[in-house]
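What the coordinates show
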Amino acid sequence: MNETQASQLPVYAGNDLGAVWRSSATAFRLWAPTACSAALHRFATGTDAEPEAADLGTLAMQRSEGGTWYLELAGDLAGQYYQYELQFPDGTSIVTADPYAHAAGAGGTRSMVLNQAAAVPDGWQKDERPAIPAHARSVWEVHVADFTADPASGVPQAYRGKFMGFTVDGTTMNGDGVHPTGLNYLKRLGVTHVQLQPIFDFATVDEVSGEDYNWGYDPLNYNLPEGSYATDAFHGEVRVRECRAMVQALHSAGLGVVMDVVYNHTYYSNSWLERTVPGYWNRRWENGSLTNGSGCGCDLASERTMVRKYLVDSCVYWAKEYHIDGFRFDLMALHDVETMNAIRAALDALPGGEDILMYGEPWQGGSTRMEHGAIPANKQAAGLLNSRIGFFCDNTRDAIKGGVFNAGSAGYINGDMHCGYQVLHSIPAWRGGQADFMPQAPGQVVQYVSAHDNYTLWDKLKCVARRGDYAAPDADLLAQNRMAAGIYLTCQGLPFMQGGEEFARTKHGDHNTYRGPLELNRLDWTRAAQLEELVQYYHGLLEIRKAYPELSGMAGDAEPCILSLPGWLIGFVPQIVISLMLAAWFTDVRLKLRCQAFFKTVIYMPNLIMASAFSMLFFTLFSDNGPVNAALMSMGVTQEPFRFLSSVAGTRGLVGLMNFLMWFGNTTILLMSGIMGIDVSLFEAAEIDGCTSRQTFWRVTLPLLKPILVYVLVTSLIGGLQMFDVPQVLTNGKG
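A brief report on the enclosed structure follows. (Residues numbered from 1 in each chain as written. Predicted model: local features only at pLDDT ≥ 70, side-chain atom pairs only at ≥ 80, totals over all residues. Heavy atoms only, no water.)

1. Here we look at the packing of helix 10 (residues 457-465) against helix 11 (residues 475-488)
- Axis separation between helix 10 and helix 11 bottoms out at 10 Å; the angle between their running directions is 130°. Between helix 10 and helix 11, the angle is such that the two are oblique. Judged by the sense of rotation from one axis to the other, the crossing of helix 10 with helix 11 is right-handed. Between helix 10 and helix 11, the contacting residues are L457, W458, L461, K462 and A465 on the first element and L477, L478, Q480, N481 and A484 on the second.
- By residue class, the composition of the contact of helix 10 with helix 11 is seven nonpolar, two polar and one charged. (Axes fitted to C-alpha atoms, helices over the stretch in contact; angles between N-to-C directions. Helix = DSSP H or I, 4+ residues; strand = E, 2+ residues; numbered from the N terminus. Parallel < 35°, antiparallel > 145°, perpendicular 65-115°, else oblique. Left-handed = near helix turned anticlockwise from the far one by under 90°. Contact = heavy atoms within 4.5 Å. Nonpolar A, V, L, I, M, F, W, Y, C, P; charged D, E, K, R; others polar.)

Laid out in structure tokens, this is it:
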């Protein structure tokens, strides 16, 4: 089906696709405009292997509006399973599950009629998303099975590796009562959001035996939870209830829940979607072959109207029915900008929806073919995306620890000093135009050094250092780990970490464990206890971030450069003028000034004092009860203390004065060096020509000092814009 044919299909705008249950009747509606007939086939169970299995018969559906097929059946059908049987004009017959289903049986091949109200945990109606300020947000990523599979987790065996493993509170390592695990650990760590690797129904794990392992990036049913994470995969309502119970438990702990969604591709080329409207759902090259931008061979065509509607409706469903707090989009660049913005708008329309997170991977896994001139949602499209749609910043990741596609590639923390400039650019979330993208706001940039893909941070550090014992806690590598965290957790933007990064999680050098084994992927709670000092370091950084909203760049305050610029100007203008005068005088042999060496030493001395110490001195001198105010009041200049440190003008003036006193001596020495580097014959020629000292300065000295003056200006400006400690101390932490 080409672009023109697809655009000519009727569009259905309603919100009742799938099986809509009522106690008196259930309505089934399927969008299948190219089918010539459709029938509903019902079953008593989700598989034929169950004891109660029975065929409940097949009923014809009627063609309805917008290319849909419709059938309403009287009675309470909750818990019944069904499939659709479709006939096409070319004689093809297809059996498919319902791509709009909200529940399914074991294996996900038969959809289930769901009574939403009967599939909720106790107290679900009172569950609310936690209110988490934008500046305090941080994301911790984990796989459901990995979280509690470790026998040392203290979680009951029946719940290990399941949704319900998140609901057990108060657990400790092997029940020792000392070292927290699971939900108990998360509550103490200090992160605000938990990102769950795919929890929708995926294709490659046996939901009954639970013997297989997979990260879950192989979608089967987009709108219902994975059955292997439920204690009972056969009854479709159980997975729904237990998934909600997990969300409820995390919310009760004050944690938001981010859902990792994989709408960029389907696992099977003959997915339920593609079976209902063959040729419509997936992108194809002009020769008809499937595009493979996902690396899985079947990209979804998000730019097509009904595909876009499917993605929007799916996100809204999870947000409304599961109270999801955010969405992480796998290979987001395979989606088009218009679709991503449509999802954002739909979520914003929900109560509290503007606080729902949206971010994704701004890259593709291969080439694809978008229609209608659609624009990929990559980093270069940051200005076209809603400013509250973020993206993972691989620039920050690679600058800090080294590239992910070369095990031995170093970054700033492990030896490549050339990455230092990139690290500096990462601090303001790359908003200076130093990269090939321009974020609209800090919140668009997800700052991180590790995620489920590629090496764990610890394993990467081991690879660069060429140390093969991955479990050994090397002191210098722990220092590198701390440095990495110290950088990205104080950058502007949204901080993100792979679960276990904070205790040097290792997969023993395996960089791609998407198929397991579980023993290699699961969180090692014993290691978390052994490296508790590193965990506490991460906790401290997260608490600092919460305490100082300015670090995130999302506190609603003025930009740091705007705040620091006036103070810098106040100090720099007199600094450069006076330094030029002094440098000219000291180097003019005709003036024969005395005690030059002593004076140079005196003016340079303040440069040797730490800025924080200088700030403490000024804080003491200019406080309300300080000696400056005491002197002013004793002389009758003012009747009450002048608020130097609590007024904007007063603080900026003091910052400028401090900068002047600390740096004008250093600037004078630099300018003197520049003047002394000018060929003496030029000054002699000026003197022979009868130039005065003033004329020599303006016509000879100043033009030849231009390179030094530019250097002083640039370095001073950089120092002024990066200034943090001086206003921090002067205002007692209030900025």
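So much for the structure itself; the text now carries on.
2. Here we look at the sheet that holds strand 15 (residues 326-329)
- Read around the barrel, eight strands follow the order 10-11-14-15-16-17-18-19 and close on themselves; strand pairing throughout is parallel. Neighbour to neighbour, the strand axes of the sheet diverge by 30° on average, direction disregarded.
- With four bridges connecting them, strand 10 (residues 139-142) and strand 11 (residues 193-196) associate as parallel partners. Across the sheet, residue E141 finds its bridge partner in strand 11, namely Q195. (Pairing = 2+ DSSP bridges.)

3. What about the packing of aromatic side chains?
- Throughout the structure, instances matching the rule amount to 32 aromatic pairs.
- Aromatic pair Y222 and Y310: ring centres 5.9 Å apart, planes at 80°, arrangement edge-to-face. On the criterion of sequence distance, the pair formed by Y222 in strand 13 (residues 219-225) and Y310 in helix 6 (residues 305-321) is long-range, its members being 88 residues apart. A single burial state applies to Y222 and to Y310, both of which are buried.
- Judged by centre distance (4.8 Å) and plane angle (75°), the rings of Y267 and Y268 are edge-to-face.
- Its relative accessible area of 38% is what places Y268 among the partly exposed residues.
- What links up through ring pairs into an aromatic cluster is the set W31, Y100, F200, Y222, Y263, Y280, W281, Y310, F327 and F329.
- Positioned over the ring face of F43 is R110, at 3.7 Å from the centre of the ring.
- The cationic tip of R304 hangs over the ring face of Y280; the distance from NZ or CZ to the ring centre is 5.5 Å. (Phe/Tyr/Trp six-rings, centres within 6.5 Å; stacked < 30°, edge-to-face > 60°. Buried < 20%, exposed > 50% of the residue type's maximum accessible area, 1.4 Å probe, protein only. Lys NZ or Arg CZ within 6 Å of the ring centre and 35° of its normal.)

4. Some thoughts on the environment of E502
- Mapped onto the elements of the fold, E502 is located in the loop between strand 19 (494-498) and helix 12 (518-521).
- Accessibility expressed as a relative area gives 0% for E502, which makes it buried.
- In contact with E502, other than residues within four places in its own chain, are W140, Y185, L189, M497, L531, L534, V535 and Y538.
- Here the side chain of E502 touches W140 through a polar contact of 3.1 Å, side chain to side chain. (Polar contact = N/O pair within 3.5 Å; in protein donor to acceptor, adjacent residues only side chain to side chain.)

5. Some thoughts on the pairing of strand 3 (residues 37-43)
- Counting buried positions along strand 3 gives six out of seven residues, so the element sits mostly inside the fold.
- Where strand 3 lies against strand 4 (residues 55-60), five bridges are found, and the strand directions are antiparallel. Counterpart to L40 in the pairing with strand 4 is L59.

6. Remarks on the side chain of D474
- Counting through the fold element by element, D474 comes out in the loop between helix 10 and helix 11.
- At a separation of 3.4 Å, a polar atom in the side chain of D474 contacts the side chain of R467.
- Those residues in contact with D474, other than ones at most four positions away along the chain, are W458, K462 and R467.

7. Some words on the pattern of salt bridges
- Overall, the coordinates contain 26 salt bridges when judged by the stated rule.
- For K379, the salt bridge identified is with D394, shortest N-O distance 2.7 Å. Linking K379 in the loop between strand 16 (357-360) and strand 17 (390-392) with D394 in helix 8 (residues 394-401), this pair joins segments that are 15 residues apart in sequence. The pair formed by K379 and D394 is uniform in burial state, with each residue classed as buried.
- The partner of D474 in a salt bridge is K462, with the nearest N and O atoms 2.2 Å apart. Taken together, the residues D474 in the loop between helix 10 and helix 11 and K462 in helix 10 connect sequence positions twelve residues apart. K462 shares its class with D474; the two are buried.
- Via salt bridges that share partners, D260, R328, D330 and E361 belong to a single interconnected network. (Salt bridge = Lys/Arg side-chain N within 4 Å of Asp/Glu carboxyl O.)

8. Some thoughts on the nonpolar core
- In this structure, F28, W31, W140, M246, W281, F327 and F329 are the most contacted members of the largest nonpolar core, which totals 137 residues.
- Sort the elements by how many residues they give to this core and helix 6 lands first, with ten residues.
- F329 has contacts with V261, Y263, C315, H335, M340, I343, M358, Y359, G360 and E361, leaving out every residue within four places of it along the chain.
- Core analysis: the second largest hydrophobic core is formed by 17 residues, L580, L705, L709 and V712 among them. (Core = buried A, V, L, I, M, F, W, Y, C linked by side-chain atoms within 4.5 Å.)

9. Regarding the sheet that holds strand 2 (residues 25-31)
- Taken together, four strands build an open sheet; the order of strands is 1-2-6-5 and the sheet is antiparallel. The strands lining the two open edges of the sheet, one partner per strand, are strand 1 (18-21) and strand 5 (62-63).
- Examined bridge by bridge, strand 2 and strand 6 (residues 68-74) share seven bridges and lie antiparallel to one another. Of the residues in strand 6, the one forming a bridge with T26 is L73.

10. What to know about unusual backbone geometry
- At the junction of G516 and P517, the peptide bond is cis and its omega measures out at 5° in the coordinates.
- Inspection of the secondary structure puts P517 in the loop between strand 19 and helix 12.
- With phi around 60°, R466 is a residue other than glycine that occupies positive phi space.
- Although it is not a glycine, A504 adopts a positive phi angle of roughly 55°.
- The exposure class assigned to A504 is buried, which follows from its relative accessible area of 0%.

11. Digging into the state of the cysteines
- Considering all chains together, one arrives at zero disulfides under this definition.
- C243 takes part in no disulfide bond, and the closest cysteine sulfur, belonging to C315, lies 15 Å away.
- Classification of C243 as buried rests on a relative accessible area of 1%.
- There is no disulfide at C491, and the cysteine sulfur nearest it, in C393, is 9.0 Å away.
- Exposure remark for C491: the relative accessible area of 1% places this residue in the buried category. (Disulfide = S-S within 2.5 Å.)

12. Some points on the packing of helix 20 (residues 680-688) against helix 21 (residues 693-704)
- Two elements in contact, helix 20 and helix 21, have axes whose closest approach is 10 Å; the angle formed by their N-to-C orientations is 165°. By the angle between their axes, helix 20 is roughly antiparallel relative to helix 21. Every pair of crossing elements has a handedness; the one defined by helix 20 and helix 21 is right-handed. Within the contact between the two elements, helix 20 uses L682, F683 and A686 and helix 21 uses T696, V700, T701 and L704.
- Each residue belonging to the contact of helix 20 with helix 21 can be placed in one class, and the counts come to five nonpolar, two polar and no charged.

13. A word on the environment of Y538
- By the element assignment, Y538 lies in helix 14 (residues 532-547).
- Every residue in contact with Y538, bar those within four places of it in the chain, is listed here: L457, N481, A485, Y488, L489, M497, E501 and E502.

14. Some thoughts on helix 11
- Between its first and last C-alpha atoms helix 11 spans 20 Å; for 14 residues at 1.5 Å apiece the expected length is 20 Å, and the two agree.
- For helix 11, every residue scored as buried is listed here: L477, L478, Q480, N481, A484, A485, G486, I487 and Y488.
- Its buried side turned inward, helix 11 meets helix 8, helix 9 (420-426), strand 18 (445-447), helix 10, strand 19 and helix 14. (Expected span 1.5 Å × (residues − 1).)

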